[in-house]
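Read off the chains here:
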Amino acid sequence: MKKISTLLVLGACLSSVLFGINLHLNLRAWLLTWGQGLQLTVYAVEDSSDIEGLKTKIESLPFVAEVKIVTPEEALKEFQGQMASLGPSSLNAEELVQAIPPSLLVNLTRDPEGPKDLDRIKVIQAAVSQIKTLEGVESVDYGQAWVDQFSNIVHGLSFLWVALGVLLFVVAGSLIFNSIRVMIFERKAEVEILELLGADRFFIQRPFIQEGALLGCGGAILAVALNLVIFYLFKLQMMQNSALISLGAQLKNLDMSVSLSSLVAGTLIGALSAYFGVRKINSGWAAAESL
Amino acid sequence: MITLEHVYKTYENKVHALRNVDLNLDPGEFVFLTGPSGAGKTTLFKMICAFDRVTSGLIEVAGFDLSSVTPETVPYLRRKLGVVYQDYKLLKNRSVYDNVALPLKIRSEGRELLDRRVRDILEQVGLGAKLFEYPESLSGGEQQRVSIARALVHRPSVLIADEPTGNLDPELSEEIMDLLEKAAAQGTTVFVATHNHDLVRRRRKRTLEIRHGEIVGDCR
């Protein structure tokens, strides 16, 4: 009964760690998708006469795939299209064409060998900074507020999950440690008899370490299973919400290597915690005290 | 095989459990240790088995100087000993077979040799039919014999037995003593504490007498 309750708590702890890793990986994947499709709009200064020259300069920058000039007329047409339902009559003024600066649409490369995930955002931010320094550039727009905010959230969550993961691993380790200490107490007589028969430290410690490793492995198996159930329930909820279907479709569960690594990690934590629980078990003379 | 020189054991409450004990037991020698309860028999055995340290003096057992033995080397000394305890010290959650196999498992002996030796020794102590029973289902005498089998299975250099026939009927006691003598004939130094004077008289072996922690008699 004690072992089962330890296993359940252990499973819950490790499952939280796996859930955190899963959430983090999915957020990164979303960010990557967003970063891949990102388009920059570069606004030239109002009196810019050499828009072609600016285009050539931007095209020569790394990570730039394509640059397209958007004339004020094209921009106005687009704008009118977007605002048509709100007040089309007020948008016909010719002055508007004068007010809209010439701009460039910049697509960044989707180099499969290039930086992925969060680093991709850093590349975009670096490219933007570089474009801003070019002569004739008024401003660069890429929805920076959203991208920066989302990037910060992902970074923050990563840090939070690493901290929480370490904490939960420590909790799991101390659970196993205490469980092994109780086992030693219950099997004190057995340990003493083994000592009297000439068992060395390793012989006495081995069954406890095996027990700890088994507990850790069992907890990890439980955590992987629990995480699988939580994932599919979560995905199901998202797929049932029309606003979240596209995000839900992109959701991915932990791949086999992460699951296997968590089994190995659980087993190692179990064995290591048990080792710390039993490392002073045999002083060579302890058994004599009970004789 | 066992040498004690000027051995004293004094407990914290200034009780002298052993006083100036000198003795020497040769390989293959069979020796009885007699004396009233509280005379120091168990203390002497505890010192020889490195279950406790002497206050002063020198003890050498099976090539180990016990005054310099460390916690790391103690297990290697104990593997050369076979000990029969008054309270048997059997593992209740393991079968007779597993209890007897323990000293061989500790010495990492191969499965085949282990199996042969365990079955053989249990046959010799008359428990060949109770291999897979648990200690709690056995009588006191049977548990005593399991304890003796465990002490002999690894063919120790020294066998220490504290009242090995205390719970056995006379006929079985003789059989067990025959077994111990056989072990001595094969080179094991056998040191037996007993209150059974008839047994001592019949066996005509060297007998040490201990009183108030001192060896007061040594009859050969």
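Cut-offs and rules
Residues numbered from 1 in each chain as written. Chains lettered and ligands numbered in written order. Predicted model: local features only at pLDDT ≥ 70, side-chain atom pairs only at ≥ 80, totals over all residues. Heavy atoms only, no water. Helix = DSSP H or I, 4+ residues; strand = E, 2+ residues; numbered from the N terminus. Buried < 20%, exposed > 50% of the residue type's maximum accessible area, 1.4 Å probe, protein only. Patch = residues over 30% accessible without salt bridge, like charges linked within 9 Å, V, L, I, M, F, W, Y side chains within 5 Å. Areas by Shrake-Rupley, 256 points an atom, 1.4 Å probe, with all protein chains shown as cover. Salt bridge = Lys/Arg side-chain N within 4 Å of Asp/Glu carboxyl O. Contact = heavy atoms within 4.5 Å. Buried area = accessible area lost by both parts, 1.4 Å probe. Nonpolar A, V, L, I, M, F, W, Y, C, P; charged D, E, K, R; others polar. Polar contact = N/O pair within 3.5 Å; in protein donor to acceptor, adjacent residues only side chain to side chain. Axes fitted to C-alpha atoms, helices over the stretch in contact; angles between N-to-C directions. Parallel < 35°, antiparallel > 145°, perpendicular 65-115°, else oblique. Phe/Tyr/Trp six-rings, centres within 6.5 Å; stacked < 30°, edge-to-face > 60°. Lys NZ or Arg CZ within 6 Å of the ring centre and 35° of its normal. pLDDT = per-residue confidence, 0-100. Pairing = 2+ DSSP bridges.

S.K.: How do you make sense of unusual backbone geometry when you look at a structure like this?
M.R.: Note: most peptide bonds trans; most residues except glycine with negative phi. All names here are of chain B. With phi around 50 degrees, H6 is a residue other than glycine that occupies positive phi space. Within the element layout of this structure, H6 appears in strand 1 (residues 2-10). If you check the backbone angles, N20 has positive phi at about 45 degrees while not being a glycine. Mapped onto the elements of the fold, N20 is located in strand 2 (residues 16-25).

S.K.: Explain the environment of S49(A) to me, please; I cannot follow it from the model alone.
M.R.: Residue and element names in this part refer to chain A. Structurally, S49 can be placed in the loop between strand 1 (39-44) and helix 2 (51-59). Residue classification places S49 among the exposed positions, given a relative accessible area of 74%. A C-alpha to C-alpha distance of 8.9 Å links S49 and G136, two positions 87 residues apart in sequence.

S.K.: So what exactly am I meant to see when it comes to a nonpolar patch on the surface here?
M.R.: Residues and elements named next belong to chain A. Judged by side-chain polarity, I4, L8, V9 and L222 come together as a nonpolar surface patch covering roughly 330 Å² of accessible area. With 3 residues, the single largest contributor to the nonpolar patch is helix 1 (residues 2-36). Following the sequence through the fold, L222 ends up in helix 8 (residues 201-239).

S.K.: Sorry, what's going on with the interface of chain B and chain A here?
M.R.: By convention, interface size is frequently given as the accessible area that disappears when the constituent parts associate. Taken together, the contacts link 23 residues of chain B with 15 residues of chain A. Here chain B packs against chain A, burying approximately 1900 Å² in sum over the two surfaces, 64% of which is carbon and sulfur. At the junction of chain B and chain A, the tally comes to 2 salt bridges. Put simply, D200(A) and R79(B) hold a salt bridge, and the shortest N to O gap is 3.4 Å. Only helix 2 (74-78) and helix 3 (96-106) of chain B provide two or more residues apiece to the side of chain B that touches chain A. Partitioned by chemical class, the residues of the side of chain B that touches chain A number 13 nonpolar, 1 polar and 9 charged.

S.K.: Help me understand helix 3 of chain B, please; the structure alone is not making it clear to me.
M.R.: Since the α-helix advances by 3.6 residues per turn, residues separated by three or four positions end up pointing in the same direction. Counted residue by residue, helix 3 of chain B has 9 buried out of 11 residues, so it is predominantly covered. Taken together, the buried positions of helix 3 of chain B are occupied by V96(B), Y97(B), N99(B), V100(B), A101(B), L102(B), P103(B), L104(B) and I106(B). In this structure, the buried side of helix 3 of chain B is in contact with helix 7 (188-196) and helix 8 of chain A together with helix 4 (111-124) and helix 5 (140-152) of chain B. At the C-terminal side of helix 3 of chain B, S108(B) shows a positive phi close to 55 degrees.

S.K.: Please explain the side chain of R78(B) as it appears in this structure.
M.R.: With respect to the helices and strands, the residue R78(B) is situated in helix 2. Separated by 3.2 Å, the side chain of R78(B) and the backbone oxygen of E195(A) make a polar contact.

S.K.: What should I look at first to understand the packing of helix 7 of chain A against helix 8 of chain A in this one?
M.R.: The relative placement of two packed helices comes down to the angle between their axes together with the axis-to-axis distance. Residues and elements named next belong to chain A. Two elements in contact, helix 7 and helix 8, have axes whose closest approach is 10 Å; the angle formed by their N-to-C orientations is 150 degrees. By the angle class used here, helix 7 and helix 8 are roughly antiparallel. Facing helix 7, whose interface residues are V191, L194 and E195, helix 8 presents F203, I204 and F208. Its residues placed into classes, the contact of helix 7 with helix 8 shows 5 nonpolar, no polar and 1 charged.

S.K.: Would you take a moment to explain the packing of aromatic side chains for this structure?
M.R.: Two aromatic rings, taken as a pair, are described by how far apart their centres are and by the angle between their planes. Residue and element names in this part refer to chain B. In total, this model carries 7 aromatic pairs over all chains according to the counting rule given. Considering the side-chain rings of F30 and F32, the 5.2 Å spacing of their centres and the 65 degrees angle between planes classify their relative orientation as edge-to-face. Neither F30 nor F32 differs from the other in exposure class; each is buried. The ring of Y85 has K89 lying over it, and the distance from NZ or CZ to the ring centre is 5.9 Å.

S.K.: What am I meant to see in the confidence of the model for chain B here?
M.R.: Parts of the model with low pLDDT should not have their predicted coordinates read in detail. On average, residues of chain B score 89 in pLDDT, and 100% of them reach the 70 mark or higher. Scoring of the predicted complex yields 0.68 for pTM and 0.86 for ipTM.

S.K.: Help me understand the pairing of strand 3 (residues 30-34) of chain B in this model?
M.R.: Within a regular strand, the side chains alternate between the two sheet faces. All names here are of chain B. Of all 5 residues making up strand 3, 5 are buried, and the element is well covered by its neighbours. Across 4 bridges, the pairing between strand 3 and strand 8 (residues 189-193) is parallel. Looking across to strand 8, one finds that F32 is bridged to V192.

S.K.: What am I meant to see in the sheet that holds strand 1 of chain B here?
M.R.: Residue and element names in this part refer to chain B. What the 4 strands build is an open sheet, ordered 2-1-4-5; its pairing is antiparallel. Either end of the sheet is taken by a strand with one partner, and the two such strands are strand 2 and strand 5 (64-65). In terms of strand pairing, strand 1 meets strand 2 through 6 bridges, oriented antiparallel. In the sheet register, K9 faces strand 2, and the bridge partner there is L18. Contacts from helix 1 (residues 41-48) reach strand 1, strand 2 and strand 4 (56-61), with the element oriented near 60 degrees to strand 2.

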